[in-house]
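# A structural walkthrough
Take a look at the letters that make up each chain.
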Amino acid sequence: MVHYLLIVLTAILVNNIVFAQFLGICPFLGVSKKIDTAVGMAGAVAFVMTLATLVTSLIYTLVLVPLGIKFLDTIAFILVIAALVQMVEIILKKVSPALYQALGVYLPLITTNCTILGVAIYVIKQDMPLLESVVYAISTALGYGLALVLFAGIREQLAMTKLPKGMEGTPVALVVAGLLALAFMGFSGVGQ
């Protein structure tokens, strides 16, 4: 139990996928202008990341390894992730058209979101058991969502303030992202 708690804390705070591993920066910057859009994207990424990690782990263990074609893991994982994103897109279109519209072009970008592929490959390279892989994927998705929502909240507040002309938009967003990364570095001793 303690082992899984350490996996959760480490994935969310210590090795946050955005602030420590620098994966998923494009959607992190692109979808973080409003909190509700950030929450929707975090939910979609969490669903796809968890399911993708589960499916890719099974495919790797049950198909690629027995057939001796482990070298095809990245291609197989990309295909699985693309199929899962299509499924999420269809579900969102039916269940929540407003969220589907709000996510717009960023929903298909989940397919190329390197956090999802990164987690799928990481759990394979670390030789994690299936349950541990799923816990890690869920925790990483929670860490990604936390980073996205925190950043979106700060950006919403900054939109209401008067900034110097040269700091408006992307420059202040990058400064805030850097400060958040420094704040998350404060957790670097946890779990060791």
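Residues numbered from 1 in each chain as written. Predicted model: local features only at pLDDT ≥ 70, side-chain atom pairs only at ≥ 80, totals over all residues. Heavy atoms only, no water.

Under an unreviewed UniProt entry, the protein chain has the name Ion-translocating oxidoreductase complex subunit A and belongs to Candidatus Aphodosoma intestinipullorum. Under the heading Subunit (unreviewed entry), UniProt records this for the protein chain: "The complex is composed of six subunits: RnfA, RnfB, RnfC, RnfD, RnfE and RnfG." (UniProt positions renumbered as here; feature names shortened; annotations may be inferred.)

The next subject is the UniProt feature "transmembrane region" (unreviewed entry) in the protein chain. When the UniProt feature table is mapped onto this chain, "transmembrane region" (unreviewed entry) is found at residues 6–31, 38–63, 75–92, 104–124, 130–151 and 172–190. Secondary structure over residues 38–63 splits into 100% helix and 0% strand, and the C-alpha atoms at its two ends are 36 Å apart. Within the segment residues 130–151, helix and strand shares are 100% and 0% respectively, and the terminal C-alpha atoms sit 31 Å apart. (Helix = DSSP H or I, 4+ residues; strand = E, 2+ residues; numbered from the N terminus.)

So, on to the packing of helix α1 (residues 2–14) against helix α8 (residues 130–159). Relative to each other, α1 and α8 sit at 30°, their axes nearing to 7 Å. As α1 packs across α8, the resulting crossing turns out to be right-handed. Packed against α1, whose contacting residues are H3, Y4, I7, V8, A11, I12 and L13, the element α8 presents L131, E132, V135, Y136, S139, T140, L142, G143 and L146 at the interface. Taken together, the residues of the contact of α1 with α8 break down into 11 nonpolar, four polar and one charged. (Axes fitted to C-alpha atoms, helices over the stretch in contact; angles between N-to-C directions. Left-handed = near helix turned anticlockwise from the far one by under 90°. Contact = heavy atoms within 4.5 Å. Nonpolar A, V, L, I, M, F, W, Y, C, P; charged D, E, K, R; others polar.)

Among the nonpolar cores identified, the biggest contains 52 residues, and F19, F28, I110 and I116 are the most heavily contacted of them. Among the secondary structure elements, those contributing two or more residues to this core are α1, α3 (35–67), α4 (73–95), α7 (114–125), α8 and α9 (170–185). It is α3 that contributes the most residues to this core, 10 residues altogether. Apart from residues no more than four positions distant in its own chain, F19 is found in contact with F28, A147, A177, L180, A181 and F184. (Core = buried A, V, L, I, M, F, W, Y, C linked by side-chain atoms within 4.5 Å. Buried < 20%, exposed > 50% of the residue type's maximum accessible area, 1.4 Å probe, protein only.)

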